[in-house]
Structures are given as structure tokens and as C-alpha cells.
Amino acid sequence: MAGARSPYPGQVSSPIPDLAALQALGPLQQPSYPDRAAVDTAVSRLRTMPPLVFAGECDELTDKLAAVTRGDAFLLAGGDCAETFAGVTADNVRNKLRVLLQMAVVLTYAASVPVVKLGRLAGQYAKPRSSDTETRDGVTLPAYRGDAVNGYEFTPESRIPDPQRLLDVYHASAATLNLVRAFVTGGYADLRQVHTWNTDFVRSSAFGQRYEKMADEIERALTFMQAIGADPDEFHRVDFHSSHEALLLDYEHAMTRIDSRTERPYNVSGHMVWIGERTRQLEGAHVEYFRHIRNPIGCKLGPSATADDALALAAKLNPENQPGRLTFITRFGAERIRDGLPPLVEKVTAEGVQVAWVSDPMHGNTFEASTGYKTRRFDDVLDEIQGFFDVHRALGTVPGGMMVEMTGDDVTEIVGGGEEIDEARLAHRYESVVDPRLNRVQSLELAFLVAEMLRKA
Ligand code: PEP
Ligand code: CO
């Protein structure tokens, strides 16, 4: 079925390749399961499960990302590097959502642009790794590949890839998304709650106080609007979408369904899915899978990406050149963004290719602290975003948004920021199982600083 052509030039028709056809392309970063039959059983079960998202919701997000592409909206994407099953608790999900809502309101109010809100959540359970194995004190075991694959605990039993976990991903995602949907439509995201999103801890920080002032202004504006009889629906609910890296083809393929309305395939495990930096080979299995689904999709681009790579990916992933369909998420690192990004943006723009450009200021800025913790500097994160804005401003193109790794808790995983977390303090509360995340004060601080960049548009 692969490569079936529709009557429309450049458009791929509905059916997606069989899982076996994708596997035959040798997808990278897949687990080595000891028992393939058990994987097939899990995949068959997943194929019977209800969708987590609807095709129409995915199309709505595509429309919003088209606005991002045009420069009429800014994308705020955030969440954990890797969600964990243990992290599926009401507190954890609410805290994360609360900070994302705060960041979004800061960006919207301070920069007067609509913000498209996207969670890296409800499906972000599988991780690409630079090495297949991990060695500790002379003992070598399979690397942790995310809760979707194996356990974090460093024992032989826990590190064996277990296909039952694919079903656990489905259930964990369903529980998370259910809670998120309840929060964003059930009153919690009502703009009149703008003060309550600011928790005690945040309030005592300098940026928390700045937020309080802004929330006062918003409240006054809302009271005024109400007094004149205006109370639009938008004050009471927000649009929020889910996203994850579609890495494990067994899972993603099993969660792909033909939409009855349009007869086109959608990945129904998340609204937006993206291709990681390590699996974006043009002839690879991931690109082959992604080009068939109709969700809005992202593709990471790091320092090794050339302008021709970007063009070839866009031609294959978005042959109709539909705005909103494709987002390039760039992650060069603060030191390389100003030199590395311009050739890509220039050529892609010159060719008339429609993409949203979004900055991932995290993955090019990771280093190991003297204390052994994997960390990032807040200033590098900020500087990469500034570089991203500078490049787009210089070229007259659109800095469309950012995707950050953040949490709603008071963790100490990233050094710097207003709280001045130093390397010694990382040990205080380092909880991430993979990459370091901005804590809630750092996230809020970043939102204020990026709002300033946006305002200077
Ligand atoms: C990620 O977003 O967590 C990730 C692994 O990024 P990248 O593919 O850009 O390395
Ligand atoms: Co990460």
C-alpha cells in the first residue's frame, strides 16, 4: 500500500503502509522486544481501543497552526521531556496545566497575540537514546527508553522492554487527557481564575509578583467587560491540544484510524505528533509513516540539518504545501542558532514552502554539571529563543512559537533564572528521568521575557 497515489498530484491517498512495511524500512530507536508475539497481541488490542482525540480536533489545530505560520498567533508548547506512569496524578497534571495557562496568559496579555496552547503530554512516554545500553559500576543494561518501553529502575528485570506497557501508555494518556479536558472546559481555565493559578510559592518570587499585577489588570478588564454586558465564551474556557513524539511505530500505527468523515488516516493518540531529531531520515520509516497521516505534524531540525534536508522533508511531509500541516521545531543550541538557522529559513522561504517555525530552546543546550546531573542554563535557553527571534526578524520571517520542557513543580533541574539555582542545588529536587525541565518560577519568568521579545515585533 505504501506510496499509493491519489488523483491529485502530490497528494498521498488515504491508506497507510502496513506495520510490516514500516518495520521493513528498519525504523531507528525501536525497543528490542524479547517476544514479538506479545507485541502483536498488544498492537491488536490497541487497534480496538477508542480514539483519544478526534480527527476534527486535529484539523482545528492545523487551522490554528496555519495562523502561527502566518504570524497571526504564537505557539506555546510545553510539558515534560518524558511523562511517567507514576506522574499521572491529579496534582501533577493540574500543576503543569496551571503553569502553562499562566505562561499563555502572560504571552497573550503582554504581547497582545493569540496563543495556541499545546501540551507535551498525554502520550509523551517514549524516548530516543544516544546509546542502547547504560553502564553503572561495571554493570551494563538496556538503556531506559521511557515508560512506554521499560522501567527506569536499574535492574535487569525492569530494563527488559515489555509490550504490555504500550497498553499502559494508552490508559495513562486517556486518564491525563480526560483530566485536561475537564480542567480546560470545566471552569478551571476561566479567565476569572487568573489569580488562583498563581500559587503561594510563585507569588513570592519577583516574576510571581509581576504576574499578580498583570492578573489585577486582567480582572479589572473582565469586570469592565461584564459591566457592559460582554461575556464571550472565550473568557470561560481555553483551547488546549495534546502532542508527543511519535517514536514507537507499533503504538503509533495501532492508534492510526481512517476518519469516517474524510476517509483519511489520523493518528488518534494525540492532536499533533512530531518526528524527533534522531528519526527524521528522509527515506526512514518515521517519515514514511508521518507523510500518510493527516494530523498537524512537527519535525525537529538540529545543527546537522541542511537547507536541502529541510526542503526535502517539507516536500515529502507536506506535498500540498498546506499551511499549518508542518511545523519545523529548531533546536540548534544557543551558540549555533544565529549561524545555523538563517540558511534553512532563507531557502525554505525562497521556495515558497509553508511551515511554522518554532524554537525548541532546550535540546541543543544540555550539558553535564560538575555534580553529574544533566542540566541546562536558563540563560542559554533564553539566548537561543532570542537568537531565534533575531534570525526571523532579520529575514522578515515569522518566529512562530516555542516548545519547552517544563513542569508545574518546584524542581531544581535547570541552573540559573531569578531563583539563581546553582549546580550544587540541583541535588535538592532533581526528579526528571530524562532531560532537565524548567520549574514553575523559571517557566513564568521565561514567559515574561519572551513576551518582551514578541512585543518588539
Ligand atoms: C525531545 O523533544 O524530548 C527530544 C528528544 O528532542 P530531539 O528529538 O530534538 O533530540
Ligand atoms: Co527532552
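Cut-offs applied
- Residues numbered from 1 in each chain as written.
- Chains lettered and ligands numbered in written order.
- Predicted model: local features only at pLDDT ≥ 70, side-chain atom pairs only at ≥ 80, totals over all residues.
- Heavy atoms only, no water.
- Salt bridge = Lys/Arg side-chain N within 4 Å of Asp/Glu carboxyl O.
- Buried < 20%, exposed > 50% of the residue type's maximum accessible area, 1.4 Å probe, protein only.
- Helix = DSSP H or I, 4+ residues; strand = E, 2+ residues; numbered from the N terminus.
- Polar contact = N/O pair within 3.5 Å; in protein donor to acceptor, adjacent residues only side chain to side chain.
- Contact = heavy atoms within 4.5 Å.
- Pairing = 2+ DSSP bridges.
- Right-handed = clockwise from strand over helix to strand, strands pointing away.
- Near = heavy atom within 4 Å.
- Areas by Shrake-Rupley, 256 points an atom, 1.4 Å probe, with all protein chains shown as cover.
- Core = buried A, V, L, I, M, F, W, Y, C linked by side-chain atoms within 4.5 Å.
- Donors = N, O, S within 2.8 Å, 3.2 Å for Na, K, Ca; no water.
- Axes fitted to C-alpha atoms, helices over the stretch in contact; angles between N-to-C directions.
- Parallel < 35°, antiparallel > 145°, perpendicular 65-115°, else oblique.
- Left-handed = near helix turned anticlockwise from the far one by under 90°.
- Nonpolar A, V, L, I, M, F, W, Y, C, P; charged D, E, K, R; others polar.
- 1 Å grid on protein atoms, 1.4 Å probe; cavity = no way out; pocket = protein on both sides within 12 Å on 5 of 7 lines; lining within 4 Å.
- Points joined across faces, edges and corners; volume = space filled by probe spheres on them.

J.: Is there a simple way to think about the pattern of salt bridges in this case?
T.: Oppositely charged side chains are able to pair whenever their charged atoms sit close together. Enumeration over the complete set of coordinates arrives at 34 salt bridges. Put simply, D380 and R377 hold a salt bridge, and the shortest N to O gap is 3.1 Å. A salt bridge links E431 to R429, with the shortest nitrogen-to-oxygen separation between them at 2.6 Å. The exposure class of R429 is partly exposed, given its relative accessible area of 27%.

J.: What exactly am I supposed to notice about the side chain of R376 here?
T.: You can see R376 is positioned in the loop between β13 (374-375) and α13 (378-395). Looking at R376, its side chain comes within polar contact range of the main-chain oxygen of P436, at 2.8 Å. With residues up to four places along the chain from it excluded, the contact list for R376 reads M362, H363, N365, T366, F367, E405, E413, I414, V415, D435 and P436.

J.: What's the story with the pairing of strand β9 (residues 297-301) in this structure? I'm lost.
T.: Consecutive side chains along a regular strand alternate between the two faces of the sheet. Of all five residues that make up β9, five are buried, and the element is covered over most of its length. Pairing of strand β8 (residues 272-275) with β9, which is carried by three bridges, proceeds in the parallel orientation. Across the sheet, the residue bridging to I275 is C299, located in β9. Here five bridges tie β9 to strand β10 (residues 326-330), and the two strands are oriented parallel to one another. Following the sheet pairing, K300 is matched in β10 by I329. As for the winding sense of the linkage, the β-α-β connection from β9 through helix α11 (residues 307-317) to β10 is right-handed.

J.: Where do I start with the pairing of strand β3 (residues 133-136) in this structure?
T.: Pairing of β3 with strand β4 (residues 139-142) involves four bridges; the strand directions are antiparallel. Residue T135 lies in a different strand from β4, and its bridge partner there is T140.

J.: Is there a simple way to think about the site of ligand 1 in this case?
T.: Around ligand 1 sit C81, R120, K127, P128, W274, G276, E277, R278, K300, R331, H363 and E405, and that is every residue in its neighbourhood. One nitrogen or oxygen atom from the side chain of R120 is found 2.9 Å from an oxygen atom belonging to ligand 1. R331 places a side-chain nitrogen or oxygen 2.6 Å from an oxygen atom of ligand 1. For ligand 1, the accessible surface in isolation is 300 Å², of which the surrounding protein chains cover 98%.

J.: Can you walk me through the nonpolar core in this structure?
T.: Burial of nonpolar side chains together is a common tendency in soluble globular proteins. Among the nonpolar cores identified, the biggest contains 117 residues, and Y211, F328, W357, M402 and L446 are the most heavily contacted of them. For this core, the element with the highest residue contribution is helix α4 (residues 90-111), accounting for 12 residues. Apart from the residues lying within four places of it in its own chain, the contact partners of F328 are C299, L301, A310, L313, A314, V355, A356, W357 and V358. The next biggest cluster of nonpolar side chains, apart from the first, holds 15 residues, and it includes A77, V116, L118 and I329.

J.: I'm lost on the coordination of the cobalt ion (ligand 2) in this one. Help?
T.: Tetrahedral coordination by four donors places them ideally at 109.5 degrees to one another around the metal; octahedral coordination by six donors ideally gives 90 or 180 degrees. Protein coordination at the cobalt ion (ligand 2) comes from C81 (SG), H363 (NE2), E405 (OE) and D435 (OD), with a distance range of 2.1 to 2.3 Å. The motif formed by the donor residues of the cobalt ion (ligand 2), counted along the single chain, is C-x281-H-x41-E-x29-D. Remark: D435 occurs in the loop between β14 (401-405) and α14 (440-455) and E405 occurs in strand β14; sequence separation between them is 30 residues. Judged on exposure class, the residue E405 and its partner D435 are both buried.

J.: In this structure, what is going on with the packing of helix α12 (residues 337-350) against α13? I would like to understand it.
T.: How two helices sit against one another is set out by the angle between their axes and by the gap between those axes. Interaxial distance between α12 and α13 falls to 9 Å at its minimum, and their mutual angle equals 40°. In terms of their interaxial angle, α12 and α13 are classed as oblique. For the element pair α12 and α13, the recorded crossing hand is right-handed. Contacts from I337, R338, L341, P342, V345 and E346 of α12 reach α13 at D383, E384, Q386, G387, F388, D390, V391, H392 and L395. Here the contact of α12 with α13 is built from residues that sort into seven nonpolar, three polar and five charged.

J.: Teacher, can you tell me more about empty space enclosed by the protein here?
T.: Where empty space is left in the structure can be found by rolling a water-sized probe over the atoms. According to the stated counting rule, one finds two cavities of 30 Å³ or more in the structure shown. For the largest cavity, the calculated volume is near 70 Å³. Lining the largest cavity we find G123, Y125, A126, A148, L166, V169, H244, E245, L247, L248, Y251 and E252. Secondary-structure elements contributing two or more residues to the lining of the largest cavity are α6 (164-185), β5 (240-245) and α9 (249-254). Among the residues making up the lining of the largest cavity, the classes are represented as eight nonpolar, two polar and two charged.

Any link to function would need more than the numbers given here.
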